[in-house]
Amino acid sequence: MSLIKKNRNSFNTIPALFDDFVGRELFNWGNSNFSSTQTTIPMVNIKESAENFEVEVAAPGMDKKDFKIQLDNNMLTISSQKENQEETQQDGYSRREFSFQSFQRSFLLPKDVVDHDGILASYDNGLLRLTIPKREEAKQKGPRLIEIQ
C-alpha cells in the first residue's frame, strides 16, 4: 500500500479544481444509476423481514399501465416503457415533441423461499411497491428452547 500526498497551495488552484471536478461521480462510468444506453435506471430499496420481502422502485411520472412485472422461476423482472408525443400547430408554425422512457431491472429471488402466488404490487405517487411473501416453511422462526434430559 502506498500513500500519495497532494501538495495544494493557493498558487496552484486550476489543477486542484480540475482534480475535484474529474474525481466526482459524473465521471464514474460504473455508476449503477445509468444503463449502457445512457438512460436513467430507477433506484430500488429492498427490505427483508421474517414474513416477506418488500421492494420499492422510485419511478415518478409513470402510470400503472406502463409497468410490466414478471416472475419466471426465481427471476423477478420489473420493466417500464412510456412514450409521449405532442404536436401543436399555431399561426403557421408547427411544433412536434416526443419522448421515450424505458427501464428494466431483474432480481434473482432465493430458491424455494418465495410464495409465488401471493405477490402484490401497487403504484402510488411515483413509488412502485411489491410485497413478496415467503413460504411458510421458509419464514424465520424464533429461537426454540431445548430442554436437557
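To be clear, the structure that these remarks concern was listed above.
1. Focus on the side chain of Lys 82
Point 1. You can see Lys 82 is positioned in strand β4 (residues 75–90).
Point 2. Side-chain polar atoms of Lys 82 contact the backbone oxygen of Gly 61, separated by 2.5 Å.
Point 3. What Lys 82 contacts, discounting residues up to four positions off in sequence, is Gly 61, Met 62, Asp 63, Asp 66, Ser 99, Phe 100 and Gln 101.

2. Examining the sheet that holds β4
Point 1. Judged by pairing direction, the sheet is antiparallel, and its three strands sit side by side in the order β3-β4-β5 without closing on themselves. What marks the edges here is a single partner per strand, and that holds for β3 (67–72) and β5 (93–108). Neighbour-to-neighbour, the strand axes of the sheet open up by a mean angle of 10°, direction not taken into account.

3. Some thoughts on the sheet that holds strand β1 (residues 44–48)
Point 1. Taken together, the four strands give an open sheet; going across it, the order is β1-β2-β7-β6, and neighbouring strands pair in antiparallel fashion. Two strands bound the open sheet, and with one partner strand each, they are β1 and β6 (120–124). Pairwise comparison of adjacent strand axes, ignoring direction, gives a mean angle of 15° for this sheet.
Point 2. Direction of pairing for β6 relative to strand β7 (residues 127–133): antiparallel, over a ladder of five bridges. Note on β7: the bridge partner recorded for Tyr 123 is Leu 128.

4. Quick notes on the nonpolar core
Point 1. Within the largest apolar cluster, 18 residues are counted, with the highest numbers of intra-cluster contacts made by Val 55, Val 57, Phe 67, Ile 78, Leu 128, Leu 130 and Ile 132.
Point 2. If you list the elements that add at least two residues to this core, you get β2 (52–58), β4, β5 and β7.
Point 3. Among residues more than four places away in sequence, those in contact with Ile 132 are Asn 52, Phe 53, Val 55, Leu 76, Leu 109, Val 114 and Ile 119.

5. Here we look at the packing of aromatic side chains
Point 1. By the definition in use, this model includes two aromatic pairs.
Point 2. Seen from their ring centres, Phe 67 and Phe 103 are 6.4 Å apart, and the 70° between their planes marks the pair as edge-to-face. A residue pair is termed long-range when its members are at least 10 positions apart, and Phe 67 in strand β3 and Phe 103 in strand β5 qualify at 36 residues. In this pair, the class of Phe 67 matches that of Phe 103, namely buried.
Point 3. With 5.0 Å between their ring centres and 55° between their planes, Phe 67 and Tyr 123 make a pair best called tilted. You can see Phe 67 sitting in strand β3 and its partner Tyr 123 sitting in strand β6, a full 56 residues away along the chain. Residue Phe 67 shares its accessibility class with Tyr 123, and that shared class is buried.
Point 4. A connected cluster of aromatic rings, assembled from ring pairs, spans Phe 67, Phe 103 and Tyr 123.
Point 5. Between Lys 134 and the ring centre of Phe 53, over which it is positioned, the NZ or CZ distance is 5.1 Å.

Calculation notes
Residues numbered from 1 in each chain as written. Predicted model: local features only at pLDDT ≥ 70, side-chain atom pairs only at ≥ 80, totals over all residues. Heavy atoms only, no water. Helix = DSSP H or I, 4+ residues; strand = E, 2+ residues; numbered from the N terminus. Polar contact = N/O pair within 3.5 Å; in protein donor to acceptor, adjacent residues only side chain to side chain. Contact = heavy atoms within 4.5 Å. Pairing = 2+ DSSP bridges. Axes fitted to C-alpha atoms, helices over the stretch in contact; angles between N-to-C directions. Core = buried A, V, L, I, M, F, W, Y, C linked by side-chain atoms within 4.5 Å. Buried < 20%, exposed > 50% of the residue type's maximum accessible area, 1.4 Å probe, protein only. Phe/Tyr/Trp six-rings, centres within 6.5 Å; stacked < 30°, edge-to-face > 60°. Lys NZ or Arg CZ within 6 Å of the ring centre and 35° of its normal.

Structural measurements only, silent on function.
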